[in-house]
Amino acid sequence: MLHTDMKTIVKYILLDLFKNKTILVYTFILAVLAVSVLSMSGNSSKGLLSLLNITLLFVPIISILFATIYFFNSMEFIELLLAQSVRRKTMILAEYCGVASALSIAYLLGVGLPSVLLNYSPASITLIFSGIFLTLIFTAIALLIFVVFKDKTKGIGAAIITALFFTLLFDGLLLSFIYSFSEYPIDKPLLGLISFNPVDLGRILVLLQLDVAVMMGYSGALFKEFMGSVIGSVYTLGCMSLWVLIPLAASVRKFKRKDL
Amino acid sequence: MISITHLTKTFGKFKALDDVTLHFERGTTISLLGPNGSGKTTLIKSILGLVIPEKGSIIIDGDEIRSNVSYRSRIGYMPQIGRYPENMTIKQVIDMIKEMRKECTVYDNELINGFGLTAIQHKTMRSLSGGTRQKVSACLAFLFSPDIYILDEPTAGLDPLSSELLKEKIRKERAKGKLFLITSHVLSDLDDITSHIVYLQDGKVMFYNEVDELKRSTGENKLNKVIATIMQEDLLIDATY
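Keep in mind that this is a model prediction, so the values were computed, not measured.

Caption draft 1: Spotlight on the packing of helix H2 (residues 21-40) of chain A against helix H5 (residues 88-118) of chain A. All names here are of chain A. Interaxial distance between H2 and H5 falls to 9 Å at its minimum, and their mutual angle equals 20 degrees. The pairing of H2 with H5 is recorded here as roughly parallel in orientation. Relative to H5, H2 is oriented so that their crossing is right-handed. Within the contact between the two elements, H2 uses Ile23, Tyr26, Thr27, Leu30, Ala31, Ala34, Val35 and Leu38 and H5 uses Ala102, Leu103, Ala106, Tyr107, Leu109, Gly110, Val111, Pro114, Ser115 and Leu118. Of the residues assigned to the contact of H2 with H5, the class counts are 15 nonpolar, 3 polar and no charged.

As structure tokens, then:
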């Protein structure tokens, strides 16, 4: 019962989202950027790095903003379905699955397809994984924002702040941390701190696959030095999975007792 | 059929429902009246399990609603604001709800045909006017011939013709022994279909009585006159259970 209800809702949410203009434009822009970046630069890892930066810039903010707005706009629809004896857990997870799969498919078509066709390498595959994970993570955070905030405007504000915090502010704080404690052995605490930013995790996951890791900043070098590629990748993937699961579990818990 | 006892719900400091005790029987049409913020929607949402009350219980046909969600499949709910995913067509919305209720195989298509929705079934929800969306909501509420209908401001956005059609349908289903809970601001709309009135104010039940009795005791014939008279004289009749 839980399973079939969920499949039905996800199916219809996807039918709605595949006709959604924002999703279509998002796919298109990602595709244009990916194709141009990959075909322009002669060096394949240079092209991949540009694509990584595009992913880290666009995916978190678009995913969290789009998902938050979509969830809030679905409020009345969610109420209607709950009144049809759909269980709350089923409903909220179905909303998440619908939006997360639509955004993931957009990323796969926009970035995944061009990079597999134009620049197939293990690093490209890792980049696709990283992008999908970021989509799942920021959609899960959006779900949590939707469940916590009652008001749509406040929710969108929280989504923007969260995205900016992880994409811009966090690295700034990290730098000032490194700067003020440069006299001390801070390498290990730094590794721990990086785990608190999914965007950094996404970056490291790809950098570990590239030879340029050492060139690409402190965090990449640290990871390579301390854990090597394999353990570093496993650790990063584990952290990213937690970044999906914890917001999701918190959302389900809170939504079960929420007044709609 | 529905027994509500000592239902209390607060939002922060605001008491939306304050010790509400009501009992609704089959074959009646109950109008929930009261000013804005009097707790009408909170009461409806509590019955649907969308709002979780702090105190009190709601029992539908002997079952406490918190123990099981399946009671909701016997309720047809028409929300006040019908918002649907923008790019879904009318047909997709109806098909989706049908898929969610696989156990039901006989559909009541009377309203769908009456409102002429089949002719425009491929239009997307975004392109529909507020009134047409309201019609879709009404059709969904009646689709599975439930025992209990909960209609939140059903006629607010409808044109007079459609409004008449809906009221005719309500009368017909009620004659079959169904229970209707209706909220509305437009009192004159409810004149000829209501059998009982619940008047809420500040989350409390001010009175719950049969329309005929209210009319007799106030000497008025129109519903809004009846209410006005009661309010003026502060003539509070004890709820009859």
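That covers the picture; the talk isn't over yet.
Caption draft 2: Quick look at the side chain of Asn197 of chain A. Residues and elements named next belong to chain A. Mapped onto the elements of the fold, Asn197 is located in the loop between helix H8 (187-194) and helix H9 (198-207). For Asn197, a relative accessible area of 0% puts it in the buried group. Apart from residues no more than four positions distant in its own chain, Asn197 is found in contact with Phe166, Phe170, Asp171 and Trp243.

Caption draft 3: Region of interest: the sheet that holds strand E4 (residues 55-60) of chain B. Residues and elements named next belong to chain B. On the basis of which strands lie adjacent, the open sheet formed by 4 strands has the order E2-E1-E4-E5 and antiparallel pairing. Either end of the sheet is taken by a strand with one partner, and the two such strands are strand E2 (14-24) and strand E5 (63-64). For strand E1 (residues 2-11) and E4, the ladder comprises 5 bridges, and the chain directions are antiparallel. Following the sheet pairing, Thr8 is matched in E4 by Lys55. Contacts between helix H1 (residues 40-48) and the sheet are confined to E1, E2 and E4, with E1 contributing the most and set at about 120 degrees to the helix.

Caption draft 4: Structural view of the packing of aromatic side chains. Taken as a whole, this structure holds 16 aromatic pairs over all chains when the rule is applied. Ring centres of Phe77 of chain A and Tyr84 of chain B lie 6.4 Å apart, and the angle between their planes is 70 degrees; on these two criteria the pair is classed as edge-to-face. One end of the pair, Phe77 of chain A, is in helix H4 (residues 75-82); the other, Tyr84 of chain B, is in the loop between strand E6 (75-78) and helix H2 (90-100), on a second chain. In terms of burial, Phe77 of chain A and Tyr84 of chain B fall into one category: buried. Relative to Phe166 of chain A, the ring of Phe165 of chain A lies with its centre 5.2 Å away and its plane at 70 degrees, an arrangement referred to as edge-to-face. Residue classification places Phe165 of chain A among the partly exposed positions, given a relative accessible area of 30%.

Caption draft 5: Examining the pairing of E1 of chain B more closely. All names here are of chain B. In this sheet, E2 lies alongside E1 in antiparallel orientation, the contact comprising 7 bridges. Bridge pairing in E2 links Phe11 to Phe14. In sequence, E1 turns back onto E2 through a hairpin of 2 residues, with Gly12 there showing a positive phi of about 65 degrees.

Each value, and the rule that gives it
Residues numbered from 1 in each chain as written. Chains lettered and ligands numbered in written order. Predicted model: local features only at pLDDT ≥ 70, side-chain atom pairs only at ≥ 80, totals over all residues. Heavy atoms only, no water. Axes fitted to C-alpha atoms, helices over the stretch in contact; angles between N-to-C directions. Helix = DSSP H or I, 4+ residues; strand = E, 2+ residues; numbered from the N terminus. Parallel < 35°, antiparallel > 145°, perpendicular 65-115°, else oblique. Left-handed = near helix turned anticlockwise from the far one by under 90°. Contact = heavy atoms within 4.5 Å. Nonpolar A, V, L, I, M, F, W, Y, C, P; charged D, E, K, R; others polar. Buried < 20%, exposed > 50% of the residue type's maximum accessible area, 1.4 Å probe, protein only. Pairing = 2+ DSSP bridges. Phe/Tyr/Trp six-rings, centres within 6.5 Å; stacked < 30°, edge-to-face > 60°.

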